[in-house]
Amino acid sequence: MQVNLTNQYKSELKKLKHQKELIDKIEKTLEIFKEDISNTSLNFKKITCKRDKRRHSIRVVGTQYRILMSKFDTYVELICVCNHDRYDLHNKNC
């Protein structure tokens, strides 16, 4: 599956650049996602959201971080990578 990065996602990733181990885990998670979207370690799930009916999330393997995305037929757009608290805020008023 093709993965597109939004500007917001790129910005979030830049904020984490000093956390090399976390960046490595994010990259590994995305590799797993591209190979097998149904891999249970990703905890891939649909999120009920009125503004974005295509919203989904995956867990960054081995962390408390999540990657929010919009899933289309042939590709996904990564929206943000965030810790659990920010994840809740992003989805609270969705």
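Residues numbered from 1 in each chain as written. Predicted model: local features only at pLDDT ≥ 70, side-chain atom pairs only at ≥ 80, totals over all residues. Heavy atoms only, no water.

1. As for the overall build of the chain
When helices and strands are tallied, the chain shows three helices and five strands. Listed N to C, the secondary structure of the chain is β-α-α-β-β-β-β-α in terms of helices and strands. Relative to the 2.2 N^0.38 estimate, which gives 12 Å for 94 residues, the radius of gyration of the chain is 12 Å and therefore close to what a compact globule would have. The C-alpha extent of the chain, read off along each of the three principal axes, is 35 × 30 × 25 Å. The buried share among the 94 residues of the chain stands at 37%. Considering only residue pairs separated by 6 or more positions, the chain has 45% of its internal contacts joining residues 24 or more positions apart. With the model as given, the accessible surface of the chain reaches about 6,000 Å², and the carbon-plus-sulfur share is 47%. (Helix = DSSP H or I, 4+ residues; strand = E, 2+ residues; numbered from the N terminus. Rg over C-alpha atoms; globule rule 2.2 N^0.38 Å. Buried < 20%, exposed > 50% of the residue type's maximum accessible area, 1.4 Å probe, protein only. Contact = heavy atoms within 4.5 Å. Areas by Shrake-Rupley, 256 points an atom, 1.4 Å probe, with all protein chains shown as cover.)

2. As for the pattern of salt bridges
One pass over the structure, following the stated rule, counts four salt bridges. Note that E12 and R86 form a salt bridge whose closest N and O atoms lie 2.8 Å from each other. Here E12, found in helix α1 (residues 7-15), pairs with R86, found in helix α3 (residues 84-92); they are 74 residues apart in sequence, far enough to count as distant. The class of E12 is buried, set by a relative accessible area of 8%. A salt bridge links K25 to E21; its shortest N-O distance comes to 3.5 Å. One end of the pair, K25, and the other, E21, are both in helix α2 (residues 20-35), four residues apart, so they sit about a helical turn from each other. (Salt bridge = Lys/Arg side-chain N within 4 Å of Asp/Glu carboxyl O.)

3. As for the sheet that holds strand β1 (residues 2-5)
Strand order in this open sheet of five strands is β1-β5-β4-β3-β2, and the pairing throughout is mixed. Bordering the open sheet on either side are β1 and β2 (45-46), each of which pairs with just one other strand. On top of the sheet, α2 reaches β1, β3 (55-59), β4 (66-71) and β5 (75-82); it is set at about 120 degrees to β3, its chief contact. (Pairing = 2+ DSSP bridges. Axes fitted to C-alpha atoms, helices over the stretch in contact; angles between N-to-C directions.)

4. Things to note about a negative patch on the surface
Together, E27, E31, E35 and D36 make up a region of like negative charge exposed at the surface. You can see D36 is positioned in the loop between α2 and β2. (Patch = residues over 30% accessible without salt bridge, like charges linked within 9 Å, V, L, I, M, F, W, Y side chains within 5 Å. Lys, Arg positive; Asp, Glu negative; His and termini not counted. Charge placed at Lys NZ, Arg CZ, Asp CG, Glu CD.)

5. Things to note about the state of the cysteines
Disulfide: a covalent bond connecting the sulfur atoms of a pair of cysteines. Overall, the coordinates contain zero disulfides when judged by the stated rule. In this structure C80 is a free cysteine whose sulfur lies 3.7 Å from that of C82, the closest cysteine sulfur available. For C82, a relative accessible area of 2% corresponds to the buried category. (Disulfide = S-S within 2.5 Å.)

6. Section: unusual backbone geometry
Peptide bonds are trans in most cases, and residues, glycine excluded, mostly fall at negative phi. The backbone of N43 shows a phi angle near 50 degrees, a positive value even though the residue is not glycine. With respect to the helices, strands and loops of the structure, N43 is situated in the loop between α2 and β2. N43 gets classed as partly exposed once you look at its relative accessible area, which sits at 27%.

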